[in-house]
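Okay, here's what each chain looks like letter by letter:
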Amino acid sequence: MTAATSVENGGQLKRRSLGARLVTANTFWIALVLVALIIVFSALAPNAFPTVFNFQRLAIETAVLLVLAVGMTFVIITGGIDLSVGSVLIFAGMVSAKTMNALSENGSAIDAGWGVIIAGLVAAVLGGLVWGFVNGFLIAHAKVPPLIVTLGSFGAALGAASLLGDGSDIRTIPTTLKRALGSGTSFGGIPNLVITAAVITLIAAWLLHTTRFGRYTFAVGSSQEAARRAGIGVTAHLLKVYLLAGLLAGAAGFMSLAYYSTTGIAAHSTDNLNAIAAVVMGGTSLFGGVGTMLGTVIGVFIPAVLKKGFNIVHVQDYWQMIAVGAVLVAAVWFDQQRRRARDRL
Amino acid sequence: MTAPALEAVDLTKTYGSVEALRGASFSVHPGEVVALIGDNGAGKSTLVKCMAGAEQPTSGTIRFEGAETRFDSPTDARRRGIETVYQDLAVAPELDPAANLFLGREIRRPGVLGALGMLDKKAMRRRAAEEFGRLGVALQSIDVPIGSLSGGQRQSVAVARSVVWASKVVFMDEPTAALGVVQRERVLDVIRRVRDEGVAVVLISHNMPEVLSVSDRVEVLRLGRRVARFTAKDATLEDLVGAMTGALHQEEA
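Bear in mind the structure is a predicted one, so any value in this text is a computation, not a measurement. (Residues numbered from 1 in each chain as written. Chains lettered and ligands numbered in written order. Predicted model: local features only at pLDDT ≥ 70, side-chain atom pairs only at ≥ 80, totals over all residues. Heavy atoms only, no water.)

Engineer: Could you give an account of the overall build of chain B, naming the residues involved and the relevant values?
Structural biologist: Counting secondary structure elements, chain B contains nine helices and 10 strands. At 19 Å, chain B has a C-alpha radius of gyration in line with the 18 Å of a compact globule built from 253 residues. Projecting the C-alpha coordinates of chain B onto the three principal axes gives extents of approximately 60 × 40 × 35 Å. Taking all 253 residues of chain B together, the buried fraction comes to 58%. Pairs at least 24 residues apart make up 63% of the contacts formed inside chain B by residues separated by at least 6 positions. When the accessible surface of chain B is split by element, carbon and sulfur atoms take 49% of a total near 10,200 Å². Put simply, chain B has 32 plus and 33 minus side-chain charges, and the middle of one group is 5 Å from the middle of the other. (Helix = DSSP H or I, 4+ residues; strand = E, 2+ residues; numbered from the N terminus. Rg over C-alpha atoms; globule rule 2.2 N^0.38 Å. Buried < 20%, exposed > 50% of the residue type's maximum accessible area, 1.4 Å probe, protein only. Contact = heavy atoms within 4.5 Å. Areas by Shrake-Rupley, 256 points an atom, 1.4 Å probe, with all protein chains shown as cover. Lys, Arg positive; Asp, Glu negative; His and termini not counted. Charge placed at Lys NZ, Arg CZ, Asp CG, Glu CD.)

Engineer: Describe the side chain of Arg-193 of chain B, naming the residues involved and giving the relevant values.
Structural biologist: Summarising the element assignment, Arg-193 of chain B is placed in helix 7 (residues 181–196). Residue Arg-193 of chain B is classed as buried on the basis of its relative accessible area of 18%.

Engineer: Describe a nonpolar patch on the surface, with residues and values.
Structural biologist: Where nonpolar side chains cluster on the molecular surface, the patch consists of Val-130, Phe-133, Val-134, Phe-137 and Leu-138 of chain A and spans about 390 Å² of accessible area. For Phe-137 of chain A, a relative accessible area of 39% puts it in the partly exposed group. (Patch = residues over 30% accessible without salt bridge, like charges linked within 9 Å, V, L, I, M, F, W, Y side chains within 5 Å. Salt bridge = Lys/Arg side-chain N within 4 Å of Asp/Glu carboxyl O.)

Engineer: Describe unusual backbone geometry, naming the residues involved and giving the relevant values.
Structural biologist: Residue and element names in this part refer to chain B. If you check the backbone angles, Glu-65 has positive phi at about 50 degrees while not being a glycine. Residue placement: Glu-65 occurs in the loop between strand 4 (59–64) and strand 5 (67–69). For Leu-223, which is not glycine, the phi torsion reads 50 degrees and is therefore positive. Along the chain, Leu-223 falls in the loop between strand 9 (217–222) and strand 10 (225–231). What makes Leu-223 partly exposed here is its relative accessible area of 49%.

Engineer: I'd like a description of the packing of aromatic side chains, backed by residues and values.
Structural biologist: Residues and elements named next belong to chain A. A complete count under the given rule lists 11 aromatic pairs over all chains for this structure. Taking 5.7 Å as the distance between ring centres and 90 degrees as the angle between the ring planes, the aromatic pair formed by Phe-41 and Phe-310 counts as edge-to-face. In this pair, Phe-41 sits in helix 3 (residues 26–44) while Phe-310 sits in helix 14 (residues 293–312), placing the two residues 269 residues apart along the sequence. An aromatic cluster of at least three residues, connected via ring pairs, comprises Phe-41, Phe-49, Phe-55 and Phe-310. (Phe/Tyr/Trp six-rings, centres within 6.5 Å; stacked < 30°, edge-to-face > 60°.)

Engineer: With reference to specific residues and values, describe the sheet that holds strand 5 of chain B.
Structural biologist: Residue and element names in this part refer to chain B. If you trace the four strands from one edge of the open sheet to the other, you get 2-1-4-5, paired in antiparallel fashion. Unpaired on one side and paired on the other, strand 2 (18–28) and strand 5 mark the two borders of the sheet. Between one strand axis and the next, the sheet turns through 30 degrees on average, direction left out of account. One ladder, built from five bridges, connects strand 1 (residues 6–15) with strand 4; its direction is antiparallel. Counterpart to Thr-12 in the pairing with strand 4 is Ser-59. Packing of helix 1 (residues 44–51) onto the sheet brings it into contact with strand 1, strand 2 and strand 4, and relative to strand 1 it is tilted by some 115 degrees. (Pairing = 2+ DSSP bridges. Axes fitted to C-alpha atoms, helices over the stretch in contact; angles between N-to-C directions.)

The following block contains the structure:
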């Protein structure tokens, strides 16, 4: 390359056009899939599917999973995986419920006020952070593969939660909490649970896409060696990412407690896989370095829309599992093709 | 003549019973390219690591801009304007060229948002475009992942990433080893431009024609010692090979 040509375009390198950037983005294609699904179901059941009530239910039922998937997005972008989120959610819920009951008279938190509820929130978040720290420490410092570490904590957190609850669920959840966060609405009918999840997701999207923390997350997932050479504390950053995933699983545990009014020991065994599926369908690469928060939101909604849609048009919703499986494999296949095409250059 | 930008005097480095450096000396001045050559095991990498802060010499002196000093870590050396381009040219392939250039040195927004860690992507893209232009790295676009660029462009960005921040000295450990002819020329072009801006460039290479074409001086290392110094335009391939293999011996350590 001669100096002349490089100076010509060197001073003002153009960004690609919006269109060019859109077409190459995984998120764009998966968003089309979601829109297509909504259109198809709306056409098949024009009176039942495209209703405010239906979309409200959809949003509420995905809120807890969305918060888990948001944390998972950071983890997968670093090239890691977190199988423990569902168990950590239960553990955090259990710690929170235990705390609220212990702080109430007669050991039942049903009539507890906001002071106790806030203590419960703090307990849930701390419960999540503890497991985030365990995961992060073992992965970043002890260099045990994330799959193994979080498979271990997947079992251990569930076991610990069951021990705390003596094997059974706690259902004495403050009514005030259920009314406020679980079933309350604001701004003319938007469920508070959905608002909470949306705020968390927006903050996380800001963190991932505009801050140095987010930039380092991508860098560590893209090339640990390059990140290390650039002076980034890779070990410390990985620990922070798993702490964040634990924190969000703790928050999700508290939300789940408010919505279902039970610790739900048996109810979250596939949350981890659902969260991973959502993140990967949303265009985040299992190999690390690539991903968007918007994609994760879409990825959370695709299985939910399929399930609701099948229910409404009276197709057995077992088909949803098959369809999600197919979309998931297709998404990863596309990602790999893209990578191969790139690496051939 | 001005003081050398970086000078090593009588460095020794032992790893257990292995003597990697046995009184090696080296110097490079601002605005010159010095090739550091030697056979495998002559101690080139160890010498560079000692001068770039990645290793501490067992004994000997390092002078930076005329003053005796020590570099506690590569970060310490980087802070003082000494950069290293490693052989494998590690980049983050999923990040765009601007993000790679500023990796670890991100520009933050002014004010509260910046304090919260928010990046000024626009400023980074603009400055990256300027720097790439200055170094003659031609890119069609500033916001595609580096992994999707051609091999030569990727290497140029990788080299540029270190070179941009090197205000005093840049070490290049075989930066062209894995490159084709055209790509190699591009990297050598970057080296010349950096030199012309007054940075001291240390080039480690096994490619003798390349050494003779791009460097101003050549220093030869053999068995952990400097055995010869040449001015590149007066030296021949035979001189270099002779010094490397021990057939020719200029100076006593």
